[in-house]
Amino acid sequence: MAQKNQLDRETISCSICLDLLKDPVTIPCGHSYCMSCIKGFWDGEDQRKIYSCPQCREAFTPRPVLKKSTMLAVLVEQLKKTGLQAAPAGHCYAGPEDVACDVCNGRKLKAFKSCLVCLASYCENHLQSHYESTKLKKHKLVEPSKKLQENICSRHDEVMKIFCRTDKKSICYLCTMDEHKGHDTVPAAAERTERQRELEVSRLNIQQRIQDREKDVMLLQQEVETVSRSADKAVEDSEKIFTEMIHLFQKRSSDVKQQIRSQQETEESRVKELQEKLQQEITELKRKDAELKQLSHTEDHNQFLHDYPSVSQLSEATDSSSINIRPLRYFEDVTAAVSELRDKLQDILREEWTNISLTGTEVDVLLSEPEPEPKTRAEFLKYSREITLDPNTVHEWLLLSEGNRKVECMSQPQSYSSYRDRFTDKFQVLSRESLTGRCYWEVERRGAVFVAVAYKNISRAGSESLFGYNDKSWSLYCYTNRYEFWFNDIKTFVSGPVSSRVGVYLDHRAGILSFYSVSETMTLLQRVQTTFTQPLYAGLYVGSGGTAELCKLK
């Protein structure tokens, strides 16, 4: 009867919550679940829009409509009335990492104890006989163990109760008459007593070492506190220095603003003065035009000829050469100067921060027009950078050559030392040089190659480390016959002629990143306009059998 109840329980239990079915529903593959359980499971799959069975993994599209299974609901209620209780809580069943009861039929419960005499494990129910039987009460019970069979002699299939000191291993009594005959043997319990004494001595030594180490920890804690005080003082001093810098910049900002407004007033005054002069001339011309019109209607020829000389004389015209309409770029030189100052400061803070002297630092600014974005390959080459690949970042299946400008995917791993900056999961490498300002470089490739730029702190492991699969890198995927652009795990299809050479143009300050197909002409494949918050590094991903080389352009 117990077996039947167990079978009935399993038949009408939900495999998700492991309890009796509540509002049972049957999905298209035939498996049944609590309505709330399968809804919750499928809610987690909404993003993929593919819904599967938790047991057989059969997939359904679209999401099936759930309807209560009336027959199962009636069956559950009937079985409840006959005394069937809900299945034990999920934590009572043995999982993959648990020791299972050796007596349970069907789905096994967790073992409560293991018997070293019976060499079996028992759940709480099946262990009762060991508490009730006079003979079984003498058995040695221990915490559940998966290693009970290790107590059986593999040669004689007997329990090993003897320890061979000669060979330092546990044996059975038949072994003492066989291969261990004449050896120094003792009962396992006696050997345990001896080793227990040694264990206590070891513990005393360990406890003494613990005390010594605790003293060391206290000393180190004092050192930490000293370091902390020193760091706090350094932070306080640094904040004071940066505050002085901020005040300096605020003053310079105010001076620049005042100069701009002063120049603005001068220019506006000049323009308004000229406007008034021109307006007066317009008024005078209109008056003269009216007089000429009136004279033209005079019927008396003599009167006309008499008045014409005086009426036809015009005042001297305003010199139009003084009117110079310029594009609305009066103060762009100031903006360019401030931008250049910002870039120089960023370079100082990034590259030479250990040697920086903030007090009294001044940066001279050259006022100049910003250069236009390149259009031809010759113009791009003016910004070409010599870039090399960083051996400390290259994946172990990639081989560098040609002065660390070429990378090739190999058929076996290379012997690289362990380094924290090395890519461990993706066949990638970063450049040694950081990229700021305006830069241009070209990549000659064969096979599947991803041409990318990335921040230095891009992840080095996991799927998120792949170029374009995060918000720290931008990548053009170059396949045999197509391109794709990836950023932050979002793909954009790219159209354009497929070439073995790809050009990359970066204007870090302007936030411009462009990829070009380079052959006899340059064809823009993808252009990004964003804000770069850190220096960038060139990146390459090379697929199986592929190669990529940073070209020498100078």
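What you see is a predicted model, and the numbers here were worked out from it, not measured in a lab.

Here we take up the packing of aromatic side chains. Tallied over the entire structure, the rule returns 19 aromatic pairs. Judged by centre distance (6.4 Å) and plane angle (70°), the ring pair of Trp-42 and Phe-60 falls under edge-to-face. Of this pair, Trp-42 sits in helix α2 (residues 35-43) while Phe-60 is found in strand β4 (residues 59-60), placing the two residues 18 residues apart along the sequence. For the residue pair Trp-42 and Phe-60, the accessibility class agrees, reading buried in each case. Here Phe-423 and Phe-467 contribute two aromatic rings whose centre-to-centre distance is 5.9 Å and whose plane-to-plane angle is 80°, an arrangement assigned as edge-to-face. Residue Phe-423 is located in the loop between β12 (406-409) and β13 (428-430), and its partner Phe-467 is located in the loop between β15 (449-455) and β16 (473-478); the two are separated by 44 residues in the primary sequence. Of the two residues, Phe-423 and Phe-467, both sit in the buried class. Through pairs of rings, three or more aromatic residues link up here, namely Phe-450, Tyr-469, Tyr-477, Tyr-479, Trp-486 and Tyr-541. Sitting over the ring of Phe-423, Arg-460 keeps its end group 5.0 Å from the ring centre. The ring of Tyr-479 carries the charged tip of Arg-482 above its face, separated from the ring centre by 4.1 Å.

The end-to-end C-alpha separation of helix α3 (residues 70-81) is 17 Å, in line with the 16 Å expected for 12 residues at 1.5 Å each. Residues of α3 that are buried: Leu-72, Ala-73, Val-76 and Leu-79. Along the axis of α3, the buried positions cluster into a sector of 130°, meaning they face one direction only. Those residues of α3 that are exposed and angled more than 90 degrees off the buried face are Thr-70, Met-71 and Lys-81.

Following the criterion strictly, the structure yields 27 salt bridges and no others. A salt bridge links Asp-178 to Arg-155, with the nearest nitrogen and oxygen atoms 3.2 Å apart. Placement of Asp-178 in the loop between β9 (169-171) and β10 (185-187) and of Arg-155 in the loop between β7 (141-142) and β8 (162-164) is noted, with a sequence separation of 23 residues between them. Judged by relative accessible area, which is 34%, Asp-178 ranks as partly exposed. With a closest N to O distance of 2.2 Å, Arg-197 and Glu-194 form a salt bridge. Linking Arg-197 with Glu-194, this pair stays in helix α5 (residues 188-296), spanning 3 residues, or about one helical turn.

Here we take up the sheet that holds β16. If you trace the 6 strands from one edge of the open sheet to the other, you get β13-β22-β15-β16-β17-β18, paired in antiparallel fashion. Single-partner strands in this sheet number two, and they are β13 and β18 (490-494). Strand-to-strand twist across the sheet, computed as the mean angle between neighbouring axes with direction ignored, equals 20°. Bridging between β16 and strand β17 (residues 483-487) involves 5 bridges; their strand directions are antiparallel. From the neighbouring strand, Trp-474 faces β17, where its bridge partner is Phe-487.

So, on to α2. Considered for burial, the residues of α2 that qualify are Met-35, Cys-37, Ile-38 and Trp-42. Axial view of α2: buried residues confined to an arc of 165°, hence all on one face.

Moving on, we get to the confidence of the model for the protein chain. Counting all residues, the mean pLDDT for the protein chain is 84, and 89% of those residues have values of 70 or more. In the model of the protein chain, helix α1 (residues 2-11) stands out as the element of lowest mean pLDDT, 52, in contrast to β13, which has the highest, 97. Across residues 84-90, where pLDDT falls below 50, the model places 20 contacts with residues more than four positions away in sequence or in other chains. Note on residues 354-369: pLDDT is under 50 here. Beyond four places in sequence and across chains, it has 22 contacts.

Rules behind the numbers
- Residues numbered from 1 in each chain as written.
- Predicted model: local features only at pLDDT ≥ 70, side-chain atom pairs only at ≥ 80, totals over all residues.
- Heavy atoms only, no water.
- Phe/Tyr/Trp six-rings, centres within 6.5 Å; stacked < 30°, edge-to-face > 60°.
- Helix = DSSP H or I, 4+ residues; strand = E, 2+ residues; numbered from the N terminus.
- Buried < 20%, exposed > 50% of the residue type's maximum accessible area, 1.4 Å probe, protein only.
- Lys NZ or Arg CZ within 6 Å of the ring centre and 35° of its normal.
- Expected span 1.5 Å × (residues − 1).
- Arc of directions from axis to C-beta.
- Salt bridge = Lys/Arg side-chain N within 4 Å of Asp/Glu carboxyl O.
- Pairing = 2+ DSSP bridges.
- Axes fitted to C-alpha atoms, helices over the stretch in contact; angles between N-to-C directions.
- pLDDT = per-residue confidence, 0-100.
- Contact = heavy atoms within 4.5 Å.

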